[in-house]
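Listed here are the chains, written in short residue letters.
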Amino acid sequence: AVVSTQSTGGGTRVKDPVVKLRGLPFQITRQEIEEFFAGLLVVNVTMLMNENGMRSGAAYIQFATKEEAQTALKKHMQTIGDSGRYVEVFMATMKEMENESPVREATEGRRGTVVEEG
């Protein structure tokens, strides 16, 4: 049976087909991320940037279904690519992914404001 309410306990039922990765190598490619999640359909990869416009080592991954995102959580603390780095995999939401877009990450300062000089 599918439970439509969110668990208040230690449940890990995903709300959206999205996970967040942390600890990625800075030179990671979309192909390497797709290979990391082999067998799951990756719909979108959003690499996050720091305030200097450089990759932060974090990314949001959108899958075709919530079930695939749930399966992706099993990759938590596994190594990715040839880097030997372990990657943290967390539940995330579409809203979190949209609010933390790479353009905003790259253009906004620490206080969340864009200063236009002219």
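In this report, the structure presented in the accompanying data block is examined. (Residues numbered from 1 in each chain as written. Predicted model: local features only at pLDDT ≥ 70, side-chain atom pairs only at ≥ 80, totals over all residues. Heavy atoms only, no water.)

The next thing to look at is the pairing of strand β3 (residues 55-63). Most of β3 sits inside the fold, with seven of its nine residues counted as buried. Both strand β1 (residues 18-22) and β3 contribute to a ladder of five bridges, which runs antiparallel. Paired with Leu21 across the two strands is Ala59, which belongs to β3. Pairing geometry for strand β2 (residues 42-49) and β3, over six bridges, is antiparallel. Across the sheet, the residue bridging to Met47 is Ala59, located in β3. Where β2 folds back on β3, the antiparallel hairpin that results is connected by five residues, among which Gly53 adopts a positive phi of roughly 80°. (Buried < 20%, exposed > 50% of the residue type's maximum accessible area, 1.4 Å probe, protein only. Helix = DSSP H or I, 4+ residues; strand = E, 2+ residues; numbered from the N terminus. Pairing = 2+ DSSP bridges.)

Let us now look at unusual backbone geometry. Here Met77, not a glycine, exhibits a phi torsion of approximately 70°, which is positive. Inspection of the secondary structure assignment puts Met77 in the loop between α2 (66-72) and β4 (78-80).

A word on the packing of aromatic side chains. Under the criterion given, the structure shown has two aromatic pairs. Relative to Phe37, the ring of Phe36 has its centre 4.9 Å away and its plane inclined at 75°; by these criteria the two rings are edge-to-face. What makes Phe36 buried here is its relative accessible area of 6%. Note on Phe37: relative accessible area 1%, which makes it buried. With a centroid separation of 5.1 Å and an interplanar angle of 85°, the aromatic rings of Phe37 and Phe63 are classed as edge-to-face. Of the two residues, Phe37 sits in the loop between α1 (30-36) and β2 while Phe63 sits in strand β3, which places them 26 residues apart along the sequence. For the pair shown, Phe37 and Phe63 are each scored as buried. Just above the ring of Phe36 sits the side chain of Lys75; from NZ or CZ to the centre is 4.7 Å. (Phe/Tyr/Trp six-rings, centres within 6.5 Å; stacked < 30°, edge-to-face > 60°. Lys NZ or Arg CZ within 6 Å of the ring centre and 35° of its normal.)

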